[in-house]
Amino acid sequence: MPVPDADTPPHRYDAALAAAIESRWQDHWEASGAYETPNPAGALSTGRGSSGPKLFVMDMFPYPSGSGLHVGHPLGYIATDVYVRFKRMAGFNVLYTMGFDAFGLPAEEHARQTGQHPRINTEANIDNMRRQLDRLGLGHDKRRGVATTDIDYYRWTQWIFLQIFNSWFDPGERRARPIAELVDEFSSGRRPVPDGRTWEELSEAEQREVVDSHRLAYVADAPVNWCPALGTVLANEEVTNEGRSERGNHEVFKRPLKQWMMRITAYADRLLEDLDLLDWPESVKTMQRNWIGRSEGALISFPATSSAHLEMQPIEVFTTRPDTLFGTTYMVLAPEHPLVDELVADAWPAGVPELWTGGAATPREAVAAYRARAAELSDADRSDSKSGIFLGHDAVVPFTDTRVPVFIADYVLMGYGTGAVMGVPGEDQRDREFAEAYSLPVIRTVEPPPDHPDELAYTGDGPSINSRFLDGLDVEASKVLIIERLTETGFGRSTVNYRMRDWLFSRQRYWGEPIPIVFDDYGPVALPDDMLPLELPELTDWAPRALARDSEPEPPLGRVTEWVGVDLDLGDGPHHYRRELNTMPQWAGSCWYYLRYLDPTNDEALVDPDVESYWMADPDPGGVGGVDLYVGGVEHAVLHLLYARFWHKVLYDLGHVSGLEPFKRLINQGYIQAYAFKDDRGVYVAAEEVEGSLQKGFRHDGQPVTRELGKMGKSLKNSVTPDDMYASYGADTLRLYEMFMGPIDQDRPWETRSVVGSQRVLQRVWRNVVDEETGELRIADEPSDDDLLRLLHRTIDGVRSDMEGMRFNTAIAKLTELNNELTRRGTGAPREVAAVMVRMLAPLVPHFAEELWHRLHGGGADSVMRAEFPAADPALLVEDIIEVPVQVNGKVRGRVRIAADADEDTAVSAALAEPNVAAHVGGRELRKQLYVSGRMITLVV
RNA sequence: GCCCGGAUGGCGGAACUGGCAGACGCAGCGGACUCAAAAUCCGCCGCCCGCGAGGGUGUGAGGGUUCGAAUCCCUCUCCGGGCACCA
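Not measured: the values here are computed from a predicted model.

Chemist: Looking at this structure, how should I read the overall build of chain A?
Modeler: In terms of helices and strands, chain A carries 29 helices and 32 strands. In terms of overall dimensions, chain A has a C-alpha envelope of 105 × 85 × 70 Å along the principal axes. Counting over 941 residues, chain A shows a buried share of 54%. Put simply, 70% of the contacts in chain A that link residues at least 6 apart link residues at least 24 apart. Across chain A, 96 positive and 146 negative side-chain charges occur, with their mean positions spaced 4 Å apart.

Following this line, the structure appears as structure tokens:
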């Protein structure tokens, strides 16, 4: 850190001067509403926007944590801010703001510990975070910065919930429609009632049940992940593979509970197909595709029989390989499969191998023991080896009279497909391993290549064998034919299966949006829109409950007795209702905040349609619309981005938004990592106190320590805060350094000692414009010479395209080169060059540039933000004489200066005249000559 | 196991569509200025040989395509991320 002393020139650009400049301009911009972007109509139609094309740029909004920022947090915010400032100077009307995702667990945990209402803590954290971000000079339109906990905001989150509740998915039209249209179709007879009666013949309870079962938001009695330590039920995606909570790594138990579900599976195909229309990182698209997990296959029914009974309930399986049907030698159900209790035999058939019985006296005992053991093991342990239990009954393979034994085994998962599989050990390696373990026969149904090992399943293509009418056909043709036969005979049909499940939407928390639903005797009833917002009641009882392993889920709102039951008149006279006690998940508020940024003060609609279409509609026909650029961490690749897409598509179907997708372009910013140091006990030591180098070794308090790279944070004792950097260098230097470190989408290690390089760049620019001793301008008023002018315009050209492509690191390198040339000349920058350079710097270092801009133009000048971003003069980009390298036999042997428009013969003769080239040609005959215009002269001898 | 990325000096990175590898910055080395140091300015800075001009070699490894490959193709190694008994 540079220590100012008596010798430091009084007007040097150092941390103190930067701080003064930064706070002065921040105050000025705030007072002048410099970042306020106008809407085409409505309350926010004022502001200093541009009349040019619109652009909507957004960061993933943060959770307002109480622990403060480190230098890694604002990386993406700085990048969007630079881009936004560039696009504003390039004439775009840019919407850019920042909100807060403020519901959630930490505030509630804080409330539990302090007894203080979570809103107080939340709002304090928001204020603190705003202050820290403001210090960076981010150009947000503050009027638009909503928090999901604002009552005016979650009113509309609740409104959207009701829109979804009051909709159903019409598979014929592949879109959501109002639930009233479904009722209309049932009552008019256009749509048959599921059980064949007419609509009028159904009781009110039955009608309600039919309608409710079609809603996009519905109540299901489902096994949920109950986490006693957190006191909440978790979504599947919040539970790790080891069966523990992602947050805190606590134990999670399965409990049945009435839960709100969102029918996202109805949109699986559209969510999948429309990925192709998005300008997103391929990795994120792949993750979403994997998450949705679409696979085509067939449902096949296997009749189950036993020696004692005649016909039982058939076992239905899903398979992607119906062509291997004739290789089925056994069946497996998931241990939790509902058919198990029916299919389990009273006694073991004669001659059953001991291996199949688990040593139990009866099948029922064996099943009970197996289930008990499976429940104790984690999923990871269960995956180690194949195990199962015979149920004592058989199933019959369709088209044959072959009877195959039915097992339960935990390698079959209840949560995928039908929870049952046909065991085909010849063609599936998992089935093969099970068959080996239980001595089951193997029948190959596809002829493997001669070199295929006998002991492995064969999953490749080839002619069908042992498969009756399929024999000789390849896999694809076999699939087609078998599905045809299955369909004809009623044994099966083709189907599409998805890995994705419906979205579990309830949380047993206090600090979330109340679900605007009450219950009467028949089920859920929506509150009318005019009863929104449904505000959270005050909760004073924050005492932790005994959260034992065997406890039952309990929503905190259940403690507010005067809230639980309510008398309401919902249009048919006053009735007593029970309220929904669950709240929404944190994902809810973040599903649609981009829409509220557009029109945050509107109390008539979530967003005015004209405002929405101005900012969200795609100018290109066939475009998907949405936010033009969305920047955030890759950790939201699936959940947040998938849920938001789902809601957006529902809103689109219902006519509330104008485009198919919420986020047209997505960039995942990389993470800033930092070195952390461990002593010989393996304990982390404060990174800032470590001395030494990789060569000399690192030491802390004289003791050797080892270095590793990790996430910046308290646990690794390697945090560097923006405040540290403001104190040492100022916000503009921090911004410049973070943008210079590397490409935006790449992880990079933080190195505090390198930050000084970015400050030195700014100091050199400053010195080329301002005299450090006097503070006077030291620019040259005569015009710049031709060489400098050409360099300037090459720089403009490069910087413009780098800015456009968000390659800020190379833009900064080009600006540095230009400035280094000015420094080398040592005469102060020509005024016209200085003014252009300052404009190019303005997006990166706005305070610094504004200060120099005003010094160059006098106090009355308008902000540099309002100046146009420089455009290169094409005439100054073309050179008359260019230097071209010459290759002889693939190696560069010299360079020649030739006319830019020289033809090949001219270029080659110039090359041959160059002494070193001539020496390497050595008078030999040219076998080949080549001139790539302006690039390279190639000679082959 | 499967699917995505990635690997370039001591370090972060640059090289746009196959055309001068190492821009820019950090660190390091040398010089100027200074009584001295800091700061600043100038220069050097992949590795090997050479006083030098210059030569050889070089983008994780091996092979290929091409007049020409960091860039395209094949095989492999290592690192990061995602998914994982998904039928």
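This is not the end of the story, as more comes after the structure.
Chemist: Looking at this model, I keep getting lost on helix α26 (residues 831–841). Mind explaining?
Modeler: Count 3.6 residues to each turn of an α-helix, and residues three or four apart come out pointing the same way. Burial runs high along α26: nine of the eleven residues are buried. Within α26, the full set of buried residues consists of V833, A834, A835, V836, M837, V838, R839, M840 and L841. Along its buried surface, α26 packs onto α2 (75–89), α23 (755–769), α24 (786–804), α25 (808–825) and α27 (846–857).

Chemist: How should unusual backbone geometry be read in this particular structure?
Modeler: Keep in mind that most residues, glycine aside, have a negative phi and that most peptide bonds are trans. Between L532 and P533 the backbone carries a cis peptide bond, its omega angle lying at 0 degrees. Examined against the element boundaries, P533 turns out to sit in the loop between β18 (523–526) and α16 (561–564). In this structure, F399 takes a positive phi of about 70 degrees despite not being glycine. Checked against the element boundaries, F399 lands in the loop between β12 (388–396) and β13 (403–409). Even without being glycine, N466 reaches a positive phi, approximately 55 degrees. Here N466 lies in the loop between α14 (429–437) and α15 (475–489). A relative accessible area of 47% means that N466 is categorised as partly exposed.

Chemist: Would you mind going over the pairing of β12 with me for this structure?
Modeler: Every regular strand shows the same layout, with side chains that alternate between the two sheet faces. Among the nine residues of β12, nine are classified as buried, and the element is accordingly described as predominantly covered. Looking at chain direction, strand β9 (residues 304–305) and β12 are connected through two bridges and run antiparallel. Paired with A304 across the strands is A395, a residue of β12. By the bridge criterion, six bridges tie β12 to β13 in an arrangement that is antiparallel. Residue pairing across strands places I389 opposite I408, the latter belonging to β13. Between β12 and β13, which pair antiparallel one after the other, the connecting turn spans six residues, and F399 there sits at a positive phi close to 70 degrees.

Chemist: In this structure, what is going on with the protein's contact with RNA strand B? I would like to understand it.
Modeler: Close contacts around RNA strand B come from 55 residues, with R12, K386, Y416, R430 and R895 the closest. Near the protein, meaning within 4 Å, the atoms of RNA strand B are sugar or phosphate in a fraction of 65%, with bases accounting for the rest. Top element by residues in the surface near RNA strand B is α25. It accounts for eight residues. A class-by-class count of the residues in the surface near RNA strand B yields 17 nonpolar, 20 polar and 18 charged.

Chemist: It is not clear to me how the pairing of strand β31 (residues 928–932) should be interpreted in this structure. Could you clarify?
Modeler: Pairing geometry for β31 and strand β32 (residues 936–940), over five bridges, is antiparallel. By the bridge assignment for β32, K928 is matched with V940. The loop that links β31 with its antiparallel partner β32 comprises three residues; one of these, G934, has a positive phi angle of about 80 degrees.

Chemist: I tried to follow the nonpolar core on my own but got confused; where do I start?
Modeler: As a rule of thumb, soluble globular proteins bury nonpolar side chains together. Ranked by internal contacts, the top residues of the largest apolar core, which has 93 residues, are M739, W750, F808, M840, L844 and F848. Per-element accounting of this core gives the leading share, nine residues, to α2. When residues no more than four places from it in sequence are discounted, the contact partners of M840 are L792, T795, I796, V799, M803, L815, L818, F869 and P870. Among the nonpolar cores identified, the runner-up in size contains 72 residues, and L272, M584, Y597 and Y643 belong to it.

Chemist: For this particular structure, what's the right way to read a nonpolar patch on the surface?
Modeler: On the surface, M287, V634 and Y671 cluster together into a nonpolar patch covering about 220 Å² of accessible area. With respect to the helices and strands, the residue V634 is situated in the loop between β21 (629–632) and α20 (639–653). A residue is classified by how much of its surface remains accessible, and V634, at 33% relative accessible area, is partly exposed.

Chemist: Sorry if this is basic, but what is going on with the sheet that holds strand β10 (residues 315–319) here?
Modeler: Backbone hydrogen bonds hold the strands of a sheet together, and the pairing may be parallel or antiparallel. Pairing in this open sheet of three strands is antiparallel, and the strands run β10-β8-β15 from one edge to the other. Unpaired on one side and paired on the other, β10 and β15 (492–497) mark the two borders of the sheet. Sheet twist, expressed as the mean angle between neighbouring strand axes with direction ignored, is 30 degrees. Two strands pair when backbone bridges link them, and strand β8 (residues 295–302) and β10 are joined in this way by five bridges, in the antiparallel orientation. Bridge assignment links A298 to a residue of β10, and that residue is T319. Contacting β8 and β15, α15 runs over the sheet at an angle of about 120 degrees to β15.

Chemist: Sorry if this is basic, but what is going on with the side chain of H793 here?
Modeler: Of note, H793 is situated in helix α24. H793 sits in the buried class, given a relative accessible area of 12%. Sequence-distant contacts of H793, defined by excluding residues within four places in its chain, comprise A871, A872, D873, L876 and L877.

Chemist: Please explain the domain arrangement of chain A as it appears in this structure.
Modeler: Partitioning chain A into domains gives domain 1 (159–289 + 502–587), domain 2 (295–497), domain 3 (681–719), domain 4 (734–873) and domain 5 (879–940). Look at where the C-alpha atoms of domain 4 and domain 5 centre, and you get two points 37 Å apart.

Chemist: What am I meant to see in a negative patch on the surface here?
Modeler: A surface patch of like charges, here negative, comprises E688, E689, D701, D723 and D724. Its location among the elements puts D724 in helix α21 (residues 722–728).

Chemist: So what exactly am I meant to see when it comes to α24 here?
Modeler: Counted at 1.5 Å a residue, the expected span for α24 with its 19 residues is 27 Å, and the 27 Å between its end C-alpha atoms agrees. All buried positions along α24 are accounted for by L788, L789, R790, L791, L792, H793, T795, I796, G798, V799, D802 and M803. As for α24, its buried residues are in contact with α2, α25 and α26. Among the residues of α24, the N-terminal cap falls to D785, whose side-chain oxygen and the backbone nitrogen of D787 are separated by 3.1 Å.

Chemist: Got a minute to help me understand the packing of α23 against α25 in this structure?
Modeler: The description of two packed helices rests on the angle between their axes and on the distance between the axes. At a minimum axis distance of 10 Å, the contact between α23 and α25 shows a crossing angle of 45 degrees. Taken as axis vectors, α23 and α25 run oblique relative to one another. As α23 runs across α25, the sense of the crossing is left-handed. Residue-level contacts link V761, R764, V765 and N768 of α23 to T816, N819, N820, L822 and T823 of α25. Looking at side-chain class alone, the contact of α23 with α25 contains three nonpolar, five polar and one charged residues.

Chemist: What is the right way to look at the sheet that holds strand β6 (residues 232–234) in this model?
Modeler: Pairing within the open sheet is antiparallel, and its four strands lie in the order β6-β5-β7-β16. Each of the sheet's edge strands pairs with one partner strand only, and the pair in question is β6 and β16 (503–504). As defined by bridge partners, strand β5 (residues 217–227) adjoins strand β7 (residues 253–262) across ten bridges and the pair is classed as antiparallel. For D221, the partnering residue across the bridge sits in β7 and is K258.

Reading the values: the criteria
- Residues numbered from 1 in each chain as written.
- Chains lettered and ligands numbered in written order.
- Predicted model: local features only at pLDDT ≥ 70, side-chain atom pairs only at ≥ 80, totals over all residues.
- Heavy atoms only, no water.
- Helix = DSSP H or I, 4+ residues; strand = E, 2+ residues; numbered from the N terminus.
- Buried < 20%, exposed > 50% of the residue type's maximum accessible area, 1.4 Å probe, protein only.
- Contact = heavy atoms within 4.5 Å.
- Lys, Arg positive; Asp, Glu negative; His and termini not counted.
- Charge placed at Lys NZ, Arg CZ, Asp CG, Glu CD.
- Pairing = 2+ DSSP bridges.
- Near = heavy atom within 4 Å.
- Nonpolar A, V, L, I, M, F, W, Y, C, P; charged D, E, K, R; others polar.
- Core = buried A, V, L, I, M, F, W, Y, C linked by side-chain atoms within 4.5 Å.
- Patch = residues over 30% accessible without salt bridge, like charges linked within 9 Å, V, L, I, M, F, W, Y side chains within 5 Å.
- Areas by Shrake-Rupley, 256 points an atom, 1.4 Å probe, with all protein chains shown as cover.
- Salt bridge = Lys/Arg side-chain N within 4 Å of Asp/Glu carboxyl O.
- Axes fitted to C-alpha atoms, helices over the stretch in contact; angles between N-to-C directions.
- Domains from an automatic or database assignment.
- Expected span 1.5 Å × (residues − 1).
- Polar contact = N/O pair within 3.5 Å; in protein donor to acceptor, adjacent residues only side chain to side chain.
- Parallel < 35°, antiparallel > 145°, perpendicular 65-115°, else oblique.
- Left-handed = near helix turned anticlockwise from the far one by under 90°.

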